[in-house]
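Remarks on the overall topology
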Amino acid sequence: MKRRDFFARISLLTGVIFTTLSYTFAQKEQTLCEVTVTAIRPERFMTGQKVRTVDSAQFAQNQFTNLSNFLQFQSPVAFKSYGAGQLATISFRGTSPSHTAVLWNGINVNSPSVGLSDFSTLPMTGFDEMSIQYGSAASCVGTDAVGGSILLRSVPKFNQKGIQAILGVSAESSENFAAQTGLRFFKENSNWKFSGKTLFYGSNNKNNFGTEPISDRRGRQYQVEPTTTYQKGFVQDFFAMKNNGNMWSLNIWLSENNVTIQPENIPLREITDSRSDKLVLAYNLGKTLFRAAYINDVMDYGKAENQNPSHTDIDRYIFRTEHDFSWIKSCERGTNLKIGGEFVHYAAKVDGYGSRQISENRADFYALLRYQHSQRLTGSLNMRQALVQGFNPPF
């Protein structure tokens, strides 16, 4: 090939490339409209508030830790933690732990007796998606959401094929051990798609830092008393979606946590044994959601020989229904409305209230409205009225 022909072909190819690029960049950008597959999440109605959604990459990197460790290093939220496997409580913007709502699949899982959640007992593999909402949102997600809220969700993996194994083991020199194992699965036929997850997890933390005293920066020495923690749990998620989009879901979370403070010093020893069983059954019929849940929280607390521990046993029966309305004018303009109601029945046996069972009924009615005029102007109006037996809460 002659040099003249070679340069002519290079010049022609370069011209074609630049012409194509000019045409590509000159095309008008278009925004695709949002497609709603299931019910609209409450975060959509939190206009003007800071809401952070944890992406899948962060989940993959931290799937073998608990929620308290993750939030301490991945968010500006303050935590008070008493050590590995010990009580870990959250503080949003200076509020107390009871001012933070923790929702799992739309259900508030804060303990009714102490009014908060121990984040060291919530493993990251127990759920699939998480949103962190800063600031008050009680009118949107319900009670406890004064300082902020943590929204945990289990979602189907219909894009996954076959079976995926989950296995993780950790060990520390302080005799702390943890392990997780489970399966994700997917199957489909001509009418249905099935997806789910089965997970077992557990840990044994002895927090053994030796018998030698530890010195601080000023040379002062002090003894570190060991504290033992034993945790175990089981998570089961199951989703069945018909080809018309209607979907059944069943979520089960069973957990047990035992904490012993100063196990070698019997007169000063304190033992807390807590168990929590959570079950949520939901059905999405188009844009209407029906949900029923049962939560049982048990806590035993004792000192020294622990011969007569204090016992608390609380059952919650929850029923909720809600419907989403959408009026979409264009990709940048539209209105969303979510209306719903929830009924909760409490049945509690608490030592401080005697031996008889005490019951209470609560209800919530809410309407969440969101209007988007343009990409730069969006507004929301959230209204909620709670009803409590023997008490008149404000609107």
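**Comments concerning the overall build of the chain**
A tally of helices and strands in the chain yields 4 helices and 20 strands. Across its three principal axes, the chain shows a C-alpha extent of roughly 95 × 60 × 50 Å. For the chain, buried positions account for 39% of its 395 residues. By sequence separation, contacts in the chain at least 24 residues apart represent 58% of the contacts at least 6 residues apart.

**A closer look at the sheet that holds strand S7 (residues 148–153)**
What links the strands of a sheet is backbone hydrogen bonding, and the strands pair in either a parallel or an antiparallel sense. Spatial strand order, S1-S6-S7-S4-S5: 5 strands in an open sheet with mixed pairing. The sheet is open, and its two borders are formed by strand S1 (51–53) and strand S5 (107–108), each paired with just one other strand. As paired elements, strand S6 (residues 129–134) and S7 share 6 bridges and run antiparallel to each other. Considered in S7, the bridge of tyrosine 134 is made with glycine 148.

**Notes on the environment of serine 68**
Locating serine 68 in the fold gives a position in helix H3 (residues 67–74). Taking the C-alpha atoms as reference points, serine 68 and tryptophan 327, 259 residues apart in sequence, are found 40 Å from one another. Each residue touching serine 68, except ones within four places of it in the same chain, is listed here: Phe79, Ala88, Phe119 and Ser120. Within the structure, the side chain of serine 68 is placed 2.7 Å from the side chain of asparagine 66, a separation counted as a polar contact.

**Topic: the sheet that holds strand S10 (residues 192–205)**
An order of S8-S9-S10-S13-S14-S15-S16-S17-S18-S19-S20 is seen for the 11 strands of this open sheet, with the pairing classed as antiparallel. Among the strands making up the open sheet, the edge pair consists of strand S8 (163–171) and strand S20 (378–388). Taking the axes of each pair of neighbouring strands and ignoring which way they run, one obtains an average angle of 10 degrees across the sheet.

**Considerations on the pattern of salt bridges**
Tallying each qualifying case throughout the model produces 15 salt bridges. With a shortest N-O distance of 3.8 Å, lysine 232 and glutamate 256 are connected by a salt bridge. With a gap of 24 residues between them, lysine 232 in strand S13 (residues 227–242) and glutamate 256 in strand S14 (residues 247–261) connect regions that are remote in the sequence. Its relative accessible area of 39% is what places lysine 232 among the partly exposed residues. Of the charged contacts in the structure, one is a salt bridge between arginine 320 and glutamate 342, with a shortest N-O distance of 2.4 Å. Of this pair, arginine 320 sits in strand S17 (residues 310–328) while glutamate 342 sits in strand S18 (residues 334–350), and the two are 22 residues apart along the sequence. Accessibility classification places arginine 320 together with glutamate 342 in one group, the buried group.

**Observations concerning the packing of aromatic side chains**
Applying the stated criterion across every chain, the model contains 11 aromatic pairs. With a centroid separation of 5.4 Å and an interplanar angle of 85 degrees, the aromatic rings of phenylalanine 79 and phenylalanine 119 are classed as edge-to-face. With phenylalanine 79 in strand S2 (residues 78–81) and phenylalanine 119 in the loop between S5 and S6, this residue pair connects regions lying 40 residues apart in the sequence. Judged by its relative accessible area of 17%, phenylalanine 79 falls in the buried class. Residue class for phenylalanine 119 comes out buried when judged on its relative accessible area of 1%. Between phenylalanine 158 and phenylalanine 186 the ring centres are 6.4 Å apart and the planes differ by 70 degrees, which places this aromatic pair in the edge-to-face class. Linking phenylalanine 158 in the loop between S7 and S8 with phenylalanine 186 in strand S9 (residues 176–188), this pair joins segments that are 28 residues apart in sequence. Here the two residues phenylalanine 158 and phenylalanine 186 agree in accessibility, since each one is buried.

Conventions used here
- Residues numbered from 1 in each chain as written.
- Predicted model: local features only at pLDDT ≥ 70, side-chain atom pairs only at ≥ 80, totals over all residues.
- Heavy atoms only, no water.
- Helix = DSSP H or I, 4+ residues; strand = E, 2+ residues; numbered from the N terminus.
- Buried < 20%, exposed > 50% of the residue type's maximum accessible area, 1.4 Å probe, protein only.
- Contact = heavy atoms within 4.5 Å.
- Pairing = 2+ DSSP bridges.
- Polar contact = N/O pair within 3.5 Å; in protein donor to acceptor, adjacent residues only side chain to side chain.
- Axes fitted to C-alpha atoms, helices over the stretch in contact; angles between N-to-C directions.
- Salt bridge = Lys/Arg side-chain N within 4 Å of Asp/Glu carboxyl O.
- Phe/Tyr/Trp six-rings, centres within 6.5 Å; stacked < 30°, edge-to-face > 60°.

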